[in-house]
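Coordinate analysis (summary)
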Protein chains: 2
Amino acid sequence: MKLLHSITELREARARIAPGTSVGFVPTMGYLHEGHLSLVAASKAACELTFVSIYVNPSQFGPNEDLASYPRDLERDLELLSTYGVDYVFFPSTEEIYPEGYKTWVEVSGISQRLCGASRPGHFRGVATIVLKLVNLVQPHSMFMGSKDFQQVLVLKTMLRDLNLQVNLVSCPIIREADGLAMSSRNSYLDSQQHQRALCLSSAIKAVQAAFRAGQRSVPALLEIAGETIGDRGRIDYLELVDPERLEPVTTVDDMSRLIMAVYIDKVRLIDNAALGEQL
Amino acid sequence: MKLLHSITELREARARIAPGTSVGFVPTMGYLHEGHLSLVAASKAACELTFVSIYVNPSQFGPNEDLASYPRDLERDLELLSTYGVDYVFFPSTEEIYPEGYKTWVEVSGISQRLCGASRPGHFRGVATIVLKLVNLVQPHSMFMGSKDFQQVLVLKTMLRDLNLQVNLVSCPIIREADGLAMSSRNSYLDSQQHQRALCLSSAIKAVQAAFRAGQRSVPALLEIAGETIGDRGRIDYLELVDPERLEPVTTVDDMSRLIMAVYIDKVRLIDNAALGEQL
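Residues numbered from 1 in each chain as written. Chains lettered and ligands numbered in written order. Predicted model: local features only at pLDDT ≥ 70, side-chain atom pairs only at ≥ 80, totals over all residues. Heavy atoms only, no water.

Time to look at the overall build of chain A. When helices and strands are tallied, chain A shows nine helices and 10 strands. A globule of 280 residues ought to have a C-alpha radius of gyration of about 19 Å, and chain A, at 19 Å, matches this closely. Along the first, second and third principal axes, the C-alpha atoms of chain A reach 55 × 40 × 40 Å. For chain A, the proportion of its 280 residues judged to be buried stands at 58%. (Helix = DSSP H or I, 4+ residues; strand = E, 2+ residues; numbered from the N terminus. Rg over C-alpha atoms; globule rule 2.2 N^0.38 Å. Buried < 20%, exposed > 50% of the residue type's maximum accessible area, 1.4 Å probe, protein only.)

Dropping the structure here:
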């Protein structure tokens, strides 16, 4: 596994790859869990070479968010990626990614403003910008991302399409703990009592999916079931039933309608989502 | 010369070019003049293959600007480009460049807000976005642009650097009519009396350069000379002495300080610029 500390090292490595070799890319903020590793496995299955980036991107954090405390363990991450047979790991410095005088930002209008975008102004601008930069550097054929960040995947698919980039964004299933909690680096913030309460997100999904299977088609009724399942275990940031293409609230539901939510467990903000027709 | 009417045709043509072949690109809005053709010549001199795009980009025009009346003559343009030995001409439709649901915009902060950016809100957002899209499609090694649009060149250099794109932007000299008027497709709007008055832009540059050569170093005095030279022949939109890197107003001048201006001749807005140390 080749470690690429700088843009120069990355470019040199990329230039040495023969044209036509299929390149997969998994962008991460590190502190890897099984969700990330499933993306690595998907890339390795589909592509001849796999790049992983580890970069905690400051521009996608708001001023009062957890940039400083975001969990980091580069040594452990590199060990894991080496075990998984990753070919290249890129972990640049912020001095190189956003040098003095940095000025360029990418906005995906509309879809970036709702849900997580409403709660975290500027978040998707930061995400779109860093992913565009990384894609320009790595020049992958396919990019693998987790669908826990369902809105992020849609924002980035829109960006890639609009900017005429021929990168295939592969959205992979959410990986969950045995108890149902969607894997997230931020789960490390939770103590065991908070972890128990955090099960309210996946429980709400399960309850709503069960009601849907049992024939419930009323949006207010389904949302009430979700809200009651969460109860006082968490504080709802948003909780909606949306269409999977534009993430706009729906008034009638089908299998593909998506329950999507952000819930605070004390100060820890967690997200989760699923289609009504799935079964967790 | 290969005509590429669509993104699909462009991508097929680009994919057939052997890796390692140097590709030059000249993005234009058509209605070609000798300025454009000098860019084509520069590309042909530097690169093995030359692409030219012809696309009047609606997103860089304001709602009250001249999008509808912007001069167009595709047939003549293609004849000229063929004569000059261009390899590929790309002239896409707006339906393909900005399809329904288009959402992604690139902003270069700071430098896009002054001068032409102040007079034409959103202009450089449109320019940056279309050039990024075209660069992603054409994948050139070098791109050739005229320095009449001096601010545009700086905006795009900043964008390419910030987004980690390895495209060499080559800024080429302004090409002028024998009487000094900087070539522009918009000169076709001028009748002969207006054309005479439009010489006030290059005359102002010449007068300021002469005063600078004669030892004048006072910014207010140099700007007064420019303003008096323009007189009532045109209405000044902006007229500044700026540094050539950030386009901020200077208080002390040297050879590289740049006189930069936009002047209305009746309803026709013209721009021009030059370094004090040059001689028109």
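There's more to say after this.
This part takes up the pairing of strand β10 (residues 268-275) of chain A. Among the eight residues of β10 of chain A, eight are classified as buried, and the element is accordingly described as predominantly covered. What sits between strand β9 (residues 258-265) of chain A and β10 of chain A in their antiparallel hairpin is a turn of two residues, with D266 of chain A showing a positive phi close to 55 degrees. (Pairing = 2+ DSSP bridges.)

A few words on the sheet that holds strand β8 (residues 235-242) of chain A. Residues and elements named next belong to chain A. If you trace the three strands from one edge of the open sheet to the other, you get β8-β9-β10, paired in antiparallel fashion. Here the strands that pair on one side only, and so sit at the sheet edges, are β8 and β10. Averaged over all adjacent pairs, the angle separating strand axes in this sheet is 10 degrees, with direction ignored. By the bridge criterion, seven bridges tie β8 to β9 in an arrangement that is antiparallel. Bridging across to β9, E240 finds its partner in I260. Here helix α8 (residues 192-213) sits on the sheet and contacts β9 and β10; the angle it forms with β9, its principal contact strand, is near 165 degrees. (Axes fitted to C-alpha atoms, helices over the stretch in contact; angles between N-to-C directions. Contact = heavy atoms within 4.5 Å.)

This part is about the environment of Y98 of chain A. Residue and element names in this part refer to chain A. Tracing the sequence through the fold places Y98 in the loop between α4 (94-97) and β5 (104-108). It is 42 Å that separates the C-alpha atoms of Y98 and Q279, two residues lying 181 residues apart in sequence. Leaving out residues up to four positions away in the same chain, Y98 has contacts with Y55, N57, P58, S59, W105, G126, I130 and K133. Side chain to side chain, Y98 and S59 meet in a polar contact 2.9 Å long. (Polar contact = N/O pair within 3.5 Å; in protein donor to acceptor, adjacent residues only side chain to side chain.)

Residue and element names in this part refer to chain A. Burial analysis of strand β3 (residues 49-54) places six of its six residues in the buried class, which makes it a mostly covered element. Neither face of β3 is exposed, since L49, F51 and S53 on one face and T50, V52 and I54 on the opposite face are all buried. As paired elements, strand β2 (residues 23-28) and β3 share six bridges and run parallel to each other. Counterpart to V23 in the pairing with β3 is L49.

This part covers the domain arrangement of chain A. Residue and element names in this part refer to chain A. Assigned domains of chain A: these are domain 1 (2-172) and domain 2 (185-274). Each side of the interface is counted separately: domain 1 has 21 residues, and domain 2 has 19 residues. Overall, the association of domain 1 and domain 2 removes approximately 1,700 Å² of surface from exposure, summing both partners, and the carbon and sulfur fraction of that is 54%. When the buried area of domain 1 at its contact with domain 2 is split by residue, R114, L115 and F150 rank highest and sum to 35% of it. On the surface where domain 1 and domain 2 come into contact, there are two salt bridges. We note a salt bridge from R114 to E240, for which the minimum N-O separation is 2.6 Å. Here domain 1 and domain 2 share 11 residue pairs in polar contact (both at pLDDT 80 or more) between them. Going through the elements one at a time, α5 (116-119) and α7 (150-162) are the ones with two or more residues in the side of domain 1 that touches domain 2. Tallying contributions element by element places α7 first for the side of domain 1 that touches domain 2, with three residues. Of the residues that constitute the side of domain 1 that touches domain 2, the class distribution is nine nonpolar, seven polar and five charged. (Domains from an automatic or database assignment. Buried area = accessible area lost by both parts, 1.4 Å probe. Salt bridge = Lys/Arg side-chain N within 4 Å of Asp/Glu carboxyl O. Nonpolar A, V, L, I, M, F, W, Y, C, P; charged D, E, K, R; others polar.)

Our next topic: unusual backbone geometry. Phi is positive for L115 of chain A, close to 50 degrees, though the residue is something other than glycine. Along the chain, the position of L115 of chain A falls in the loop between β5 and α5. If you check the backbone angles, Y31 of chain B has positive phi at about 50 degrees while not being a glycine. Assignment of secondary structure puts Y31 of chain B in the loop between β2 (23-28) and α2 (34-46). For Y31 of chain B, a relative accessible area of 27% gives the class partly exposed.

For the rest of this paragraph, the subject is the sheet that holds strand β6 (residues 142-146) of chain B. Residues and elements named next belong to chain B. The strand order across the open sheet formed by six strands is β1-β4-β3-β2-β6-β7, and the pairing between neighbours is parallel. Only two strands of the sheet have a single neighbouring strand rather than two, namely β1 (2-4) and β7 (168-172). Adjacent strand axes in the sheet meet at a mean angle of 25 degrees, parallel and antiparallel pairs treated alike. Taken strand by strand, helix α1 (residues 7-15) contacts β1, β2, β3 (49-54) and β4 (88-90), and its axis lies near 135 degrees from that of β1. Across the sheet, helix α6 (residues 123-138) is in contact with β2, β3, β4 and β6; its angle to β2 comes to roughly 150 degrees.

It is worth spelling out empty space enclosed by the protein at this point. Residue and element names in this part refer to chain B. Tallied over the entire structure, the rule returns one cavity of 30 Å³ or more. Taken as a whole, the largest cavity encloses approximately 70 Å³ of empty space. Forming the boundary of the largest cavity are K148, G180, L181, A182, S184, N187, A198, L201, S202, L270, I271 and D272. Broken down by secondary-structure element, the contributors of at least two residues to the lining of the largest cavity are α8 (192-213) and β10 (268-275). For the lining of the largest cavity, a count of residues per class yields six nonpolar, four polar and two charged. (1 Å grid on protein atoms, 1.4 Å probe; cavity = no way out; pocket = protein on both sides within 12 Å on 5 of 7 lines; lining within 4 Å. Points joined across faces, edges and corners; volume = space filled by probe spheres on them.)

Residue and element names in this part refer to chain B. Given a rise of 1.5 Å per residue, 16 residues ought to cover 22 Å, and the 22 Å separating the end C-alpha atoms of α6 matches this to within 8%. For α6, the tally of buried residues reaches 15 of 16 residues, placing the bulk of the element in the interior. Residue Q139 follows α6 closely and has a positive phi angle near 50 degrees. (Expected span 1.5 Å × (residues − 1).)

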